[in-house]
Amino acid sequence: MKISGTRRAATEARKAQIASATIAVLARRGYAETTFEAICEHAGLSSKRLISYHFSNKEQLFEAVVHQVITDAAAFMRPALDAASGARAQLEAFIRANIAFIAAHPDHVRAVQQIAFNQVPIGGQERDAAIARLVALFTDGQRTGAFREFDGVLMSTVLRASIDRMADRLINGLDPDQCANELVELFDRATRAEPS
């Protein structure tokens, strides 16, 4: 049976509505209180069966949440990344856009933290893909002479961890510009090629 485009669009819209409500509930109530009932209440759904129709279990729902956060972050960051020219400018844009996204979307960050802190095994492929994109940036920068030689996987992992560790501080009032300035300076010094 083929699903019509209209029905497919409605299904995707409902899934997005449920994922957005789950983000809000996770962020405000925490993992333990993120029940299908609480999500229904927040989303204005008439029955938790509407959730279980689209997501067979909580893990599948949380996978959709992580996917939604990554999709939203990518859309938020894309203009800054597209505008940056050269490896050093792209690295700066990556850091600044990440920090700005965290500061502008605290519920997204809290939701992913709640999932991670409760050791729900999801998001591994997305994390690997994010590291791979950074490795590609660093490899390109090394090839063009913008960056010194270093282990790209190690530097990518440290950069991602540094940004992730700033999330709580940003949510609790750390100035995003100050944070981004410090991280840009730190990673520029750590990666840039020394003048000959």
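Look up a bit, the structure's there.
First things first, this report covers the structure right here in the doc. Counting restarts for each chain, with residues numbered from 1 along the sequence as it is written. Given that the model is predicted, a residue must reach a pLDDT of at least 70 before its local features are reported, and side-chain atom pairs must reach 80 or more before they are shown or counted; all residues, however, enter totals for whole chains, interfaces and linings. Note that water and hydrogens are dropped before the side-chain values are worked out from all heavy atoms of the structure.

It is worth spelling out the overall build of the protein chain at this point. In this text, helices come from DSSP runs of H or I with a minimum length of four residues, and strands from runs of E with a minimum of two, each type numbered from the N-terminal end. Along the protein chain, the regular secondary structure elements total 9 helices and 0 strands. Each helix and strand of the protein chain, ordered N terminal to C terminal, gives the series α-α-α-α-α-α-α-α-α. Here the C-alpha coordinates of the protein chain stretch approximately 65 × 40 × 25 Å along the principal axes. Here's how the labels work: a residue is buried when its accessible area is under 20% of the maximum for its type, exposed when over 50%, partly exposed in between, all with a 1.4 Å probe on protein chains only. Residues counted as buried form 41% of the 196 residues belonging to the protein chain. We call two residues contacting when some pair of their heavy atoms lies within 4.5 Å. Restricting the contact set of the protein chain to residue pairs at least 6 apart, pairs at least 24 apart contribute 67%. Using a 1.4 Å probe, accessible areas were evaluated by the Shrake-Rupley method; residue-level cover was limited to the displayed protein chains. A total accessible area of about 11200 Å² is found for the protein chain, and carbon and sulfur atoms account for 52% of it.

Before going further, it helps to examine the packing of helix H1 (residues 5-29) against helix H6 (residues 106-117). When two helices pack together, you describe them by how their axes are tilted relative to each other and by the distance separating the axes. Comment: axis = line fitted to C-alpha atoms, over the contacting stretch for helices; angle = value between 0 and 180 degrees taken between N-to-C directions. Contact pair H1 / H6: the axes reach a minimum separation of 8 Å and the direction vectors enclose 75°. Relative to H6, the element H1 is oriented roughly perpendicular. Taken together, the residues of H6 that come into contact with H1 (itself represented by Ile23, Ala24, Leu26, Ala27 and Arg28) are Asp107, His108, Arg110, Ala111, Gln114 and Ile115. Charged residues are taken to be Asp, Glu, Lys and Arg, nonpolar residues to be Ala, Val, Leu, Ile, Met, Phe, Trp, Tyr, Cys and Pro, and polar residues to be all remaining types, Gly included. Among the residues forming the contact of H1 with H6, the class breakdown is 6 nonpolar, 2 polar and 3 charged. What sets the label is the angle itself: under 35 degrees gives roughly parallel, over 145 gives roughly antiparallel, 65 to 115 gives roughly perpendicular, and the rest give oblique.

Locating Gln68 in the fold gives a position in helix H4 (residues 58-83). A distance of 2.7 Å separates polar atoms of two side chains, one belonging to Gln68 and the other to Asp72. Apart from residues lying up to four places away in sequence, Gln68 is in contact with Ala16, Ala19 and Ile23. Counting of polar contacts relies on pairs of N or O atoms within 3.5 Å, with two restrictions inside protein: one atom must be capable of donating a hydrogen and the other of accepting it, and residues adjacent in sequence are counted only when both atoms are side-chain atoms.

Nonpolar cores were defined as sets of buried Ala, Val, Leu, Ile, Met, Phe, Trp, Tyr and Cys residues, with membership established by side-chain atoms within 4.5 Å. One finds Ile95 and Leu159 to be the most contacted residues of the largest nonpolar core, which totals 31 residues. Among the secondary structure elements, those contributing two or more residues to this core are H4, helix H5 (87-104), helix H7 (124-144), helix H8 (152-171) and helix H9 (176-191). For this core, the element with the most residues is H5, which contributes 8 residues. Those residues in contact with Leu159 that lie beyond four places of it in its chain are Leu91, Phe94, Ile95, Leu134, Phe138 and Phe187. Grouped together as the second largest cluster of nonpolar side chains are 13 residues, Ile18, Ala38, Phe55 and Ala64 included.

A separate point is H9. A helix is expected to span 1.5 Å multiplied by its residue count minus one. Given a rise of 1.5 Å per residue, 16 residues ought to cover 22 Å, and the 22 Å separating the end C-alpha atoms of H9 matches this to within 8%. Among the residues of H9, Cys179, Ala180, Leu183, Val184, Phe187, Asp188 and Thr191 are the ones counted as buried. Taken around the axis of H9, the buried residues stretch over an arc of 150°, which confines them to a single face. For H9, exposure combined with an orientation more than 90 degrees from the buried face picks out Glu182 and Arg189. The directions considered for the arc are those from the helix axis to the C-beta atoms.

Time to look at the pattern of salt bridges. Take a side-chain nitrogen of Lys or Arg and a carboxyl oxygen of Asp or Glu: if they are within 4 Å of each other, that pair is a salt bridge. A complete count under the given rule lists 11 salt bridges for this structure. For Asp107, the salt bridge identified is with Arg28, shortest N-O distance 2.9 Å. One end of the pair, Asp107, is in helix H6; the other, Arg28, is in helix H1, with 79 residues separating them in the sequence. Taking the relative accessible area as the measure of exposure, Arg28 reaches 58% and is therefore exposed. With a shortest N-O distance of 2.7 Å, Glu37 and Lys48 are connected by a salt bridge. Taken together, the residues span a long stretch of sequence, with Glu37 in helix H2 (residues 36-43) and Lys48 in the loop between H2 and helix H3 (49-54) at a distance of 11 residues.

Residue position: Asp72 is located in helix H4. Residue classification places Asp72 among the partly exposed positions, given a relative accessible area of 23%. For the pair Asp72 and His105, spaced 33 residues apart in the sequence, the C-alpha separation amounts to 9.4 Å. If sequence neighbours within four positions are ignored, Asp72 has contacts with Phe101 and His108.

Our focus in this paragraph is H6. One turn of the α-helix equals 3.6 residues, which is why residues spaced by three or four share an orientation. Given a rise of 1.5 Å per residue, 12 residues ought to cover 16 Å, and the 16 Å separating the end C-alpha atoms of H6 matches this to within 8%. Its buried side turned inward, H6 meets H1, H4, H5 and H8.

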